[in-house]
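Letter by letter, the chains look like this.
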Amino acid sequence: MHFSRTQAVTQADLEIRRLGTSRIDSPMLGLLDARQTTEHYVDEDDRVLLDDTVARVTARGVPVDRLPGLEPCGPRRKIYFDPSKTRVGIVTCGGLCPGLNDVIAGLVRTLTYHYGVRRIVGFRNGYQGFISRYGYDEVELTPEFVRDIAVDGGTVLGTSRGHQDPEEIVDCLERMHINILFVIGGDGSMRGAMGIERVIAERNLKIAVVGVPKTIDNDIPYIDQSFGFQTAFSRASDSIRAVTVEAKSTANGIGLVKLMGRHSGFIACYAALARSDADVVLIPEVPFALEGDTGLLAHLRRRVEQRGHAVVVVAEGAGQELLEAAQAGRSTDASGNRKLGDIGRFLRDRIEEHFDAAGVETSVRYIDPSYAIRSVPANPYDSVYTVRLSQAAVHAAMSGRTAMVVGRVRRRFVHIPMPLAVSKRNQVDPHGDLWQAVLESTGQPVRFGA
């Protein structure tokens, strides 16, 4: 299933696949009998509307009862899997992100304490953990094992990038009699999970595949925020503070911070707004020019003349069009992502050259905190968020839902079909209020060189 950026999403696109009819009374039943939809809770038979403005609703030209709506998260009165006979697998894939251990711990606790599932295994080092030639042992996951893992960053299961044969992965699931597989990862990982689910369906197996989407860049479509994002931009703002101090402490100092964001500049935007120290924010969604009176370099020189220093925040994917093909590279990494040129070092060198040519003494302080940010534990906000996502994922899987991810849309936790979750990339809208807020905070022009 493919979705273009302009293609209208219909109710059929939002339907969640199920392995079959749920016939088993849920252990959560006692908590559900009196529940009904309120402003704080959505009943399982209700829907969360996809559109939230009058303009988007009226543009559809359909009755309200036919408006596309997402299935709400939460425990169901009837479940599909018998907890006493259910075996669960958990895998983490892709790059590190704050909160991975919190998700693992949340899955294990909900499965054990609320459903009575007795066997939960973790697969080591991403999808490689399913493949016998890598020789990785599985990890028995219990509440005791996960009790303290959230205090550390990273993932206790390890991770890896790259494609693995879904046929071999499903072979492993069959050998181990796994009934439910939880995949914690980004869009590449979810595409891998879709391949696994496809093979499962072809073999007519009753194995649920449920994703907890992870991306530090906050670029998952439809959902409010991805877990770990709040922690990331909070830590990134500390780097902006540090480089600001450095810039102010030298004559005509310039601070330069490169932050995560291959395709989406959310971390750069939020971190800059959190500190309000940045004079310039550069993101992949807004091209910029270096030269000329309206270019970035001239703007920085004017700022330094006016204030005695300047601070630049750049997302890693910004300005790639400025780098030569040899620098940017045309090769890809193990996940299939194009390797980026180092825009941070490129800008540092060009800024120094420009100021030297103008006869202006300067010193550029450059910080790239990316790995330090990815590896930290989740902050309290993200810790709470990951707990709720993990609980929602367990409830969905135990009720037999599959080929879906959990997420929050306008404060509601919902089920999202995997094809929809990877159908496009969430990006900063150059015409939206977030970018407008950044422009107001920095005082930079709408475009450099435009």
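Residues numbered from 1 in each chain as written. Predicted model: local features only at pLDDT ≥ 70, side-chain atom pairs only at ≥ 80, totals over all residues. Heavy atoms only, no water.

A. Looking closely at the sheet that holds strand S4 (residues 69-72). Read across the sheet, nine strands follow the order S3-S4-S17-S16-S10-S9-S6-S7-S8 without closing on themselves; strand pairing throughout is mixed. If you trace the sheet from one side to the other, it starts and ends with strand S3 (48-49) and strand S8 (139-140), each paired once. Here two bridges tie strand S10 (residues 208-213) to strand S16 (residues 404-409), and the two strands are oriented parallel to one another. Following the sheet pairing, Gly 211 is matched in S16 by Val 405. The sheet contacts of helix H7 (residues 187-202) involve strand S9 (180-185), S10 and S16, and relative to S10 the element is tilted by about 175°. (Pairing = 2+ DSSP bridges. Helix = DSSP H or I, 4+ residues; strand = E, 2+ residues; numbered from the N terminus. Contact = heavy atoms within 4.5 Å. Axes fitted to C-alpha atoms, helices over the stretch in contact; angles between N-to-C directions.)

B. Region of interest: the packing of helix H10 (residues 296-307) against helix H12 (residues 343-357). The N-to-C vectors of H10 and H12 enclose an angle of 65°; their axes lie 10 Å apart at closest approach. Viewed along their axes, H10 and H12 form a crossing whose handedness is right-handed. Between H10 and H12, the contacting residues are Leu 296, Leu 297, Ala 298, Leu 300, Arg 301 and Val 304 on the first element and Leu 347, Arg 350, Ile 351, His 354 and Phe 355 on the second. Considered class by class, the residues forming the contact of H10 with H12 number eight nonpolar, one polar and two charged. (Left-handed = near helix turned anticlockwise from the far one by under 90°. Nonpolar A, V, L, I, M, F, W, Y, C, P; charged D, E, K, R; others polar.)

C. Expanded view of the UniProt feature "binding site: Mg(2+)" (unreviewed entry) in the protein. Here the UniProt feature "binding site: Mg(2+)" (unreviewed entry) sits at Asp 187. Tracing the backbone through its elements, the reader meets Asp 187 in helix H7. What makes Asp 187 partly exposed here is its relative accessible area of 38%. Those residues in contact with Asp 187 that sit more than four places away from it in its chain are Val 422 and Arg 425. (UniProt positions renumbered as here; feature names shortened; annotations may be inferred. Buried < 20%, exposed > 50% of the residue type's maximum accessible area, 1.4 Å probe, protein only.)

D. How the structure looks around the packing of helix H4 (residues 100-114) against helix H14 (residues 380-398). Orientation of H4 relative to H14, taken along the N-to-C sense of each, is 45°, at an axis distance of 8 Å. By the criterion of interaxial angle, the relationship of H4 to H14 is oblique. Classified by chirality, the crossing of H14 by H4 is right-handed. Within the contact between the two elements, H4 uses Asp 102, Val 103, Gly 106, Leu 107, Thr 110 and Leu 111 and H14 uses Ser 383, Thr 386, Ser 390, Gln 391, Ala 393, Val 394, His 395 and Met 398. Per-class residue counts for the contact of H4 with H14 are six nonpolar, seven polar and one charged. (Parallel < 35°, antiparallel > 145°, perpendicular 65-115°, else oblique.)

E. Up close: the side chain of Gln 320. Along the chain, Gln 320 turns up in the loop between strand S13 (309-315) and helix H11 (325-328). Of note is the side chain of Gln 320, whose polar atom sits 2.9 Å from the backbone nitrogen of Gly 341. (Polar contact = N/O pair within 3.5 Å; in protein donor to acceptor, adjacent residues only side chain to side chain.)

F. Quick peek at the UniProt feature "binding site: ATP" (unreviewed entry) in the protein. The UniProt feature table records "binding site: ATP" (unreviewed entry) at Gly 95, Arg 161, Gly 162, Gly 186, Asp 187, Gly 188 and Ser 189. A maximum C-alpha distance of 12.0 Å among these annotated residues, which run over 95 residues, shows that they cluster at one spot. The exposure class assigned to Gly 186 is buried, which follows from its relative accessible area of 16%.

G. Structural detail: the pairing of S9. Summarising burial for S9: six of the six residues are buried, a large majority. Bridge count between strand S6 (residues 87-92) and S9: five bridges; the pairing is parallel. Across the sheet, residue Val 91 finds its bridge partner in S9, namely Val 183. With six bridges joining them, S9 and S10 adopt parallel strand pairing.

H. Main features of the nonpolar core. If you look at the biggest cluster of nonpolar residues, it comprises 74 residues, and the most contacted ones within it are Ile 90 and Phe 182. The element best represented in this core is H14, accounting for eight residues. Beyond its immediate stretch of four places on either side in the chain, Phe 182 contacts Val 88, Gly 89, Ile 90, Val 91, Leu 107, Leu 111, Val 210, Ala 393, Val 394 and Ala 397. Among the nonpolar cores identified, the runner-up in size contains 39 residues, and Ile 196, Ile 220, Ile 223 and Leu 420 belong to it. (Core = buried A, V, L, I, M, F, W, Y, C linked by side-chain atoms within 4.5 Å.)

I. Expanded view of the environment of Glu 246. Looking at where Glu 246 falls in the secondary structure, it is placed in helix H8 (residues 229-248). The exposure class assigned to Glu 246 is partly exposed, which follows from its relative accessible area of 38%. Linking Glu 246 and Val 364, residues 118 residues apart in sequence, is a C-alpha distance of 9.0 Å.

J. Broad picture of the pairing of S10. Among the six residues that make up S10, six are buried, leaving the element largely enclosed by the rest of the structure. Where burial is concerned, the two faces of S10 agree: the one with Ala 208, Val 210 and Val 212 and the one with Val 209, Gly 211 and Pro 213 are both buried. The handedness of the S9 to S10 crossover, carried by H7, is right-handed. (Right-handed = clockwise from strand over helix to strand, strands pointing away.)

K. Examining H7 more closely. Its 16 residues place the ends of H7 22 Å apart at the C-alpha level, agreeing with the 22 Å of an ideal helix rising 1.5 Å per residue. Where H7 is concerned, the buried positions are Ser 189, Met 190, Ala 193, Gly 195, Ile 196, Glu 197, Val 199 and Ile 200. Directly beyond the C-terminal end of H7, a positive phi value near 60° is found at Asn 204. (Expected span 1.5 Å × (residues − 1).)

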